[in-house]
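Architecture and fold: a report
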Amino acid sequence: MPVTQVKPYEAKTYNLQLDGISAEQLEQHYKLYQGYVTNTNTLNEKMAELIEAGKMGTSEYMELRRRFGFEYDGMRLHEYYFDNMGSNGQALTSGKLVDRVNEIWGGMDKFIADFKATGAMRGIGWAVLYQDPTTGRLQNFWITDHEYGHPAGFTPILVMDVWEHAYCVDWKPTERAKYIEAFMKNINWQVVESRVK
């Protein structure tokens, strides 16, 4: 039975104008994102060919399947990241997000400090504010690479890329804190609010 081919993933177009993050930095980031989209599609095609040929038990298939998580999550996390940027970073003072943050952290300032500290941890990865779909509770998580550390079933609410490619055009690798401050100034809190259930 032939494998049904899925529609290829398409890269979204972004043209962010950010305070403190240069157009050159963003352009490099967009190119990297396009690579994740391209690689996700290539892996899908190659895995479909192996499935069609009945070669799911091969080492080639297994390696492609493992790699798929990295490429796919790299694509989606970048979409969350770019989508939650592009505003003046003025934090909300009311709404679902603020209510949940107040219940857990006792205020937006404490939540923001915790989120920034999560992003400042050593290593490559992501800082992600997630919402538990069962309890509605919000929690900051460190995600290593793209595919390790996601809590099962949780919804990304706020996503910050802290791989060096996110900031090394504008800052030295040791200046992640400056990038995090620039990121926080550009959060589109209305988008973040819209993700809260």
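Located above this text is the structure these notes cover.
These remarks concern the structure in this document. (Residues numbered from 1 in each chain as written. Predicted model: local features only at pLDDT ≥ 70, side-chain atom pairs only at ≥ 80, totals over all residues. Heavy atoms only, no water.)

**Looking at the nonpolar core**
The following threshold applies: Buried residues of nine kinds, namely Ala, Val, Leu, Ile, Met, Phe, Trp, Tyr and Cys, make up a nonpolar core once their side-chain atoms join them within 4.5 Å. Working definition: with a 1.4 Å probe on protein chains only, accessible area under 20% of the residue-type maximum means buried, over 50% means exposed, and in between means partly exposed. It only takes one pair of heavy atoms within 4.5 Å for two residues to be counted as in contact.
Core analysis: the largest hydrophobic core is formed by 50 residues, its most contacted members being L97, F111, Y179, F183 and W189. In this view, W189 contacts G89, Q90, A91, L92, L97, M108, F111, I112, L158 and M184; residues no more than four positions away in its chain are not counted.

**Here we look at unusual backbone geometry**
Stated formally: In this description a helix means any DSSP run of H or I spanning at least four residues, a strand means any run of E spanning at least two, and both kinds are numbered starting from the N terminus.
Located in the positive-phi region is D145, a residue other than glycine, with phi close to 50°. Position of D145 among the secondary structure elements: in the loop between β2 (138-144) and β3 (155-161).

**Considerations on the sheet that holds β3**
Where strands meet in a sheet, backbone hydrogen bonds hold them as pairs that are either parallel or antiparallel. Our working definition: Two strands are counted as paired when DSSP detects at least two bridges linking them. Axes here mean lines fitted to C-alpha atoms, for a helix over just the part in contact, with angles spanning 0 to 180 degrees between N-to-C directions.
If you walk across this open sheet you meet the three strands as β2-β1-β3, and the pairing is antiparallel. With partners counted over all chains shown, the strands left at the sheet margins are β2 and β3, one partner each. Ignoring strand direction, the axes of neighbouring strands in this sheet form an average angle of 25°. Strand direction decides the pairing type here: strand β1 (residues 125-131) and β3, joined by six bridges, are antiparallel. By the bridge assignment for β3, A127 is matched with M160. Against the sheet, helix α2 (residues 59-83) touches β1 and β3, its axis set at about 85° to β3. Contacts between helix α4 (residues 108-119) and the sheet are confined to β1, β2 and β3, with β2 contributing the most and set at about 10° to the helix.

**With respect to the packing of α4 against helix α5 (residues 176-185)**
We apply this condition: Each angle is binned into one of four classes, with values under 35 degrees roughly parallel, values over 145 roughly antiparallel, values of 65 to 115 roughly perpendicular, and all other values oblique. Take the far helix as the reference: if the near one is turned anticlockwise from it by less than a right angle, the crossing is left-handed, and if turned clockwise, right-handed. Ten residue types, Ala, Val, Leu, Ile, Met, Phe, Trp, Tyr, Cys and Pro, are classed as nonpolar, four, Asp, Glu, Lys and Arg, as charged, and the remainder, Gly among them, as polar.
Where α4 meets α5, the closest approach of the two axes is 10 Å, and the angle between their N-to-C directions is 140°. One element, α4, and the other, α5, form an angle in the oblique class. In this structure, α4 crosses over α5, and the sense of that crossing is right-handed. From α4, I112, F115, K116 and G119 reach across to α5, where they touch R176, I180, E181, F183 and M184. By residue class, the composition of the contact of α4 with α5 is five nonpolar, one polar and three charged.

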